Amino acid sequence: MNILQYLKNHILYLDGGMGTLLQARGLRAGEMPERWNLSHAEEIVAIHKAYFDAGSNVVNTNTFGANCLKFGADELDAIIGAAVANARRAAEESAGEQPKWIALDIGPTGRMLAPYGDLDFEDAVSVFAETVRLGVKHGADLIVIETMNDSYETRAALLAAKENSNLPVFVSCAFGEDGKLMTGANPLAMIAMLEGMGADAIGINCSLGPRKLMDVIADYTKYASVPVIFKPNAGLPTVKDGKTVYDLSPEDFATDMTDAVALGARILGGCCGTTPEYIASLVQKTKDAVPQPITQKNVTCVSSYTHAVIFDKEPILIGERINPTGKKRFKEALKAGDMDYILREGLAQAEAGVHILDVNVGLPEIDEKTMLTSAVCRLQEVTDLPLQIDTSDPVAMESALRRYNGKAMINSVNGKRESMKKIFPLVKKYGGLVVALTLDERGIPTRAEDRVAIAERILAVAAEYGIDKKDIIFDPLALTISADAAAARETLKAVSIIKNELGCHTSLGVSNVSFGLPNRDIINSIFFALALGKGLSAAIMNPYSAEMMKAYHAFCALDGQDENCAMYIDFASKLPQSTTVLPSEQTVSAPTTEGSELQKAVTRGLRDRAATLTREQLQTRAPLDIVQADIIPALDVVGDGFEKKTVYLPQLLMAAEAAKAAFEEIKSQLPAGADNGVSVVLATVKGDIHDIGKNIVKLLLENYGFAVTDLGRDVSPEDVVSEVVRQHAPIAGLSALMTTTVPAMEETIRQLRKSAPWCKIVVGGAVLTEEYAATIGADKYAKDAMETVRYAETFLL
């Protein structure tokens, strides 16, 4: 039976944890679990069979860390071949009568993608693609991408799976207690991106127990139109009698999972700490439950790497300023490759209050594909606003879409057959909300009804490509009233018909209506207000225009979309106080943050500008004065925001990169050795190749002036001890992601206590808690990188 067909009417049961079971069967600290597929095949088969006997429909192959970064080509082929064969044999030997499938299990690479790390996006796609191709070769029934904590890496893995197989693909992510991924994505951001790219089922695994993830699962079942996966841990880990145990019993785990079923979770299993007994209890507890129907949620949205913007009642503002049309200075910046100018324009519009940034870099004199892709990637380094990728070149469009971290807004397609043939496949493959212009081979119709007829044809063709109308937003085209007095009236009529009769959203480039007229903001703002009254969903507009922003905030207040008129009052308080009428071209300046220009550059993650400003400052100021007065305060601002959850990890990292660029300029003016600080030794423990967290800690500590020695990944206890003793380092930081490598961390701590009793030990990683860290002998558990920095700072006092 096809697994997707089965899912329509049944709860699908997955397996539970693998690592703790392998440890119980003798897996040594630092030993690669994937090699057991070859060396201990009988043990792997027995574990898989136990899960099938417990009622699992799907068993994941023992390939969580099987990729070409970790194993050579021949060994990887052998491991994946043996892993699929072991699971297939277990299915055949199991007495369970339920339908059974074998899933190729794919976990994170353990490396952070650029710009936050050193792994290029396309290289990540290639790594995942190799594993996918081998899984297909050896006969896996589906692909499960799991425990992903970065939206960009998740995108790379899903893209690799879709490009290299026709198998169903399930994707689940590891959300923290704050309801977000490590790099900041909330549930709706992931739902928007993964559904848009065609994942067959999506959801949550690992991190925490069922109860602590219930809010996240509620968001998934509220917004997802595909089956939802829920595979949490057996609560929180602790050490008892020298062994790692979890605080939920099988019965308690299963009881908590029934609430997830009631919310609509359709695919159930367990992660760390769960065993066949947990799955058996889960099946027994929920086998008679009637699954909630899987329904189309019809949510029109776009997303960035942190959040989604929903097109619903509140009008959406799309900043128009990243566009060379009519902008001499912007054209000069494009020709000169002045990316900082583009980034500052994006940041200024974000501060002015737009929800989405339009990105158009089309000039005949430049390589649009390269520039557009670069602009999209660089803008996502410094702002978390979703982007509208705006180009008439399909090649440039695909290049930028492929690299976009989220679900982009795509500008545009139109009613011409050739346009739809080129753009709709990109929308289907990469996901996106596409702007559809109501014109065709005959041009732009004068009458509203004819524009609506084009919209209907676009919807029909989109459906042929499998694109739902929720992923199409129509632009009925604002034409200038200076050439046609009825132009605005017909556009407004089309907006109303498309909203009320077709049930679709609309967007307009508002300023086109006033082309050729004086004091254009007067016309633009009134037309904008009229369009909002007709149900306009979004507008591409100038957020610096006081008249446009007045119209927007007044409409939201008058239409009941601004509770207690709070946004209006805040906006009005920033307007110049005057009894006279404002000039029609008056603009609202983008809000600015306090601090020097260098501080702003660092907090915004503008590394090139930070370096330039530092060079300028060094002409008149002492190097250490710049560090103490500008760079460290800027890092503190971003660090405080990260701790308060107002700044996300990518923003923290880009600020650190900007600070690093500034420090490089500072170091050039310092005598050799003058920048040495307190020594810190960092390592990812033996057997673990996941060093994302460690690398983040390293970057931040270096920017705060610590002398960091990074021993890398898969580091033996002896090597850690040797380096700490050699330096007489007062601090050691140890990282582990997997339950199977925590014993190696504990052994490293034991050896450090014996040979370097002066050294304070900080530990971190997804599998740890404060209690667990204390149990294995650590001095400090750091839940994130900034907490490590704050602890290390106590050694400077």
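Owing to the predicted nature of the structure, the values given are computational and were not obtained by experimental measurement.

J.: An account of the overall build of the protein chain is needed here, citing residue identities and associated values.
T.: Across its full length, the protein chain carries 30 helices and 25 strands. Since a compact globule built from 797 residues should have a radius of gyration of about 28 Å, the 28 Å found for the protein chain is in line with a globular shape. Based on the C-alpha atoms only, the size of the protein chain along its principal axes is roughly 80 × 70 × 50 Å. Across the 797 residues of the protein chain, 61% fall into the buried class. The long-range share in the protein chain, meaning contacts at least 24 apart out of those at least 6 apart in sequence, stands at 75%. Roughly 30600 Å² of accessible area belongs to the protein chain as shown, and the carbon and sulfur atoms make up 50% of that amount. Side chains of the protein chain give 79 positive and 103 negative charges; the mean places of these two sets differ by 3 Å.

J.: Got a sec to walk through the sheet that holds strand β21 (residues 679-684)? Specific residues and values, please.
T.: Spatial ordering of the open sheet is given by β22-β21-β23-β24-β25, a layout of five strands whose pairing is parallel. Each edge of the open sheet is held by one strand with a lone partner, namely β22 (707-710) and β25 (780-781). Of the strand pairs in this sheet, strand β23 (residues 731-735) and strand β24 (residues 760-764) are connected by five bridges, and their pairing is parallel. The partner of A732 across the bridge, within β24, is I761. On the sheet, helix α26 (residues 692-703) packs against β21, β22 and β23 and is oriented at approximately 165 degrees with respect to β21. Set on the sheet, helix α28 (residues 742-755) makes contact with β23 and β24; between it and β24 the angle comes to about 175 degrees.

J.: Hey, could you go over the pairing of strand β14 (residues 356-359) for me, with residue numbers and the actual values?
T.: Judged by which residues are buried, β14 turns out to be covered on both faces: I356 and D358 on one side and L357 and V359 on the other are all buried. Two elements, β14 and strand β15 (residues 387-390), share three bridges in a ladder whose sense is parallel. Counted as the bridge partner of V359 is I389 from β15. A crossover connection joins β14 to the parallel β15 through helix α14 (residues 368-382); in handedness this β-α-β unit is right-handed.

J.: Any chance you could break down a nonpolar patch on the surface for me, citing the residues and the numbers?
T.: Among the surface-exposed residues, I522, I526 and L530 lie close enough to one another that they form a single nonpolar patch of about 280 Å² accessible area. Structurally, L530 can be placed in helix α19 (residues 520-533). Residue L530 is classed as partly exposed on the basis of its relative accessible area of 47%.

J.: With reference to specific residues and values, describe the environment of G432.
T.: Within the secondary structure, G432 is located in the loop between α16 (417-430) and β17 (433-437). You can call G432 buried: its relative accessible area is 3%. Residues G432 and G406, spaced 26 residues apart in sequence, show a C-alpha to C-alpha distance of 8.6 Å. Excluding residues within four positions of it along the chain, G432 makes contact with K407, A408, I410, V427 and D471.

J.: Account for the environment of N323, naming residues and giving values.
T.: Looking at the secondary structure, you find N323 in the loop between β13 (316-319) and α12 (328-336). If we ignore the near neighbours within four places in the chain, the residues touching N323 are F330, D358, N360 and D390.

J.: Describe in detail the sheet that holds strand β10 (residues 267-268), supporting the description with residues and values.
T.: Strand order in the open sheet formed by eight strands is β1-β10-β7-β6-β5-β4-β3-β2, with parallel pairing between adjacent strands. The open sheet is flanked by β1 (12-13) and β2 (58-60), the only strands paired with a single partner. Where β1 meets β10, two bridges bridge the pair, whose relative direction is parallel. Within β10, the residue paired with Y13 across the bridge is L268.

J.: Could you give an account of the packing of helix α18 (residues 487-500) against α19, with specific residues and numbers?
T.: The packing of two helices is summarised by the inter-axis angle and the distance between the axes. It is at 9 Å that the axes of α18 and α19 come closest, and there the two elements cross at 30 degrees. Relative to α19, α18 is oriented roughly parallel. Considering how the two elements wind past one another, α18 and α19 form a crossing that is right-handed. Residue-level inspection shows A488, T491, L492 and V495 of α18 in contact with α19, the latter providing F527, L530 and A531. Among the residues making up the contact of α18 with α19, the classes are represented as six nonpolar, one polar and no charged.

J.: Run through the nonpolar core, naming residues and quoting values.
T.: Judged by nonpolar contacts, the single largest core of 222 residues is most densely connected at I145, F230, F528 and I631. Examining the composition of this core, we find that eleven residues originate from one element, helix α25 (residues 649-667), more than from any other. Look past the residues within four positions of I631 in its chain and what remains in contact with it is L598, I626, A659, A662, F663 and I666. Grouped together as the second largest cluster of nonpolar side chains are 28 residues, V239, I749, C759 and Y772 included.

J.: Hey, could you go over α19 for me, with residue numbers and the actual values?
T.: Along an α-helix, a turn takes 3.6 residues, which lines up residues three or four apart on a common side. Across its 14 residues, α19 extends 20 Å between first and last C-alpha, which sits within 8% of the 20 Å expected from 1.5 Å per residue. Considered for burial, the residues of α19 that qualify are D521, N524, S525, F527, F528, A531 and L532. Down the axis of α19, the buried set is contained in an arc of 165 degrees. They therefore lie on one face. Seen from the open side of α19, the exposed residues pointing more than 90 degrees away from its buried face are I526 and G533. Structurally, α19 contributes buried residues whose contacts are with β13, α18, β19 (505-509), β20 (538-541) and α20 (546-558). Phi turns positive one or two residues past the end of α19, at G535, with a value near 105 degrees.

J.: Which residues make up empty space enclosed by the protein, and what values go with them?
T.: If you walk through the whole model with that rule in mind, you get three cavities of 30 Å³ or more. The space that makes up the largest cavity amounts to roughly 90 Å³. Along the wall of the largest cavity there are 13 residues; nearest its centre are I191, E195, V299, C301 and K470. With five residues, the top contributor of residues to the lining of the largest cavity is helix α8 (residues 187-197). Across the lining of the largest cavity, the residue classes break down as six nonpolar, three polar and four charged. L14, N60, V144, E146, F170, S172, N205, I229 and K231 together form the lining of the second largest cavity. Looking at the lining of the second largest cavity, the elements with two or more residues in it are β4 (142-148), β5 (169-173) and β7 (228-231). Counted by class, the lining of the second largest cavity contains four nonpolar, three polar and two charged residues.

Calculation notes
Starting from 1, residues in each chain are numbered consecutively following that chain's sequence as written. Two thresholds apply to this predicted model, a pLDDT of at least 70 for residue-level local features and 80 or more for giving and counting side-chain atom pairs, whereas whole-chain, interface and lining totals are computed over all residues. The side-chain figures draw on all heavy atoms in the structure; neither hydrogens nor water molecules are used. For helices the rule is a DSSP run of H or I covering at least 4 residues; for strands it is a run of E covering at least 2, with both sets numbered from the N terminus onward. A radius of gyration in this sense is built from C-alpha atoms; the matching globule rule multiplies 2.2 Å by the number of residues raised to 0.38. Burial classes follow relative accessibility: with a 1.4 Å probe on protein chains only, a residue under 20% of its type's maximum area counts as buried, one over 50% as exposed, and anything between as partly exposed. Any two residues whose heavy atoms approach within 4.5 Å are treated as being in contact. Using the Shrake-Rupley algorithm and a 1.4 Å probe, accessible areas are obtained, with residue cover drawn only from the displayed protein chains. All tallies of charge rest on Lys and Arg as positive and Asp and Glu as negative; His and the ends of each chain are not included. A charged residue contributes its charge at one atom only: NZ of Lys, CZ of Arg, CG of Asp or CD of Glu. At least two DSSP bridges between two strands are needed for those strands to be called paired. Only the stretch in contact is used when a helix axis is fitted, and all axes are lines through C-alpha atoms; the angle between N-to-C directions ranges over 0 to 180 degrees. Note on handedness: a crossover is taken as right-handed if, strands pointing away from the viewer, the path from the first strand over the helix to the second is clockwise. Residues forming no salt bridge and having over 30% relative accessible area are the ones grouped into patches, like charges within 9 Å of each other and nonpolar side chains (Val, Leu, Ile, Met, Phe, Trp, Tyr) within 5 Å. The salt bridge criterion pairs a side-chain nitrogen of Lys or Arg with a carboxyl oxygen of Asp or Glu, the two atoms within 4 Å. Geometric relationships in this document are graded by angle, where less than 35 degrees denotes roughly parallel, more than 145 denotes roughly antiparallel, 65 to 115 denotes roughly perpendicular, and other angles denote oblique. By convention the crossing between two helices is left-handed if the near helix lies anticlockwise of the far one by an angle smaller than a right angle, and right-handed if it lies clockwise. Only Asp, Glu, Lys and Arg are considered charged, only Ala, Val, Leu, Ile, Met, Phe, Trp, Tyr, Cys and Pro nonpolar, and every remaining residue, Gly among them, polar. Remark: nonpolar core denotes a set of buried residues (Ala, Val, Leu, Ile, Met, Phe, Trp, Tyr, Cys) joined through side-chain atoms within 4.5 Å. Expected helix span is taken as 1.5 Å per residue step, with the number of steps being one fewer than the number of residues. To obtain the arc, one takes the directions from the helix axis to the C-beta atoms. Cavities and pockets were defined on a 1 Å grid built over protein atoms only: a cavity is a set of grid points that admits a 1.4 Å probe from which the probe cannot escape, a pocket is an open set flanked by protein on both sides within 12 Å along at least five of seven lines, and lining residues are those with an atom within 4 Å of any such point. Grid points are joined across faces, edges and corners, and a volume is the space filled by probe spheres set on the points.

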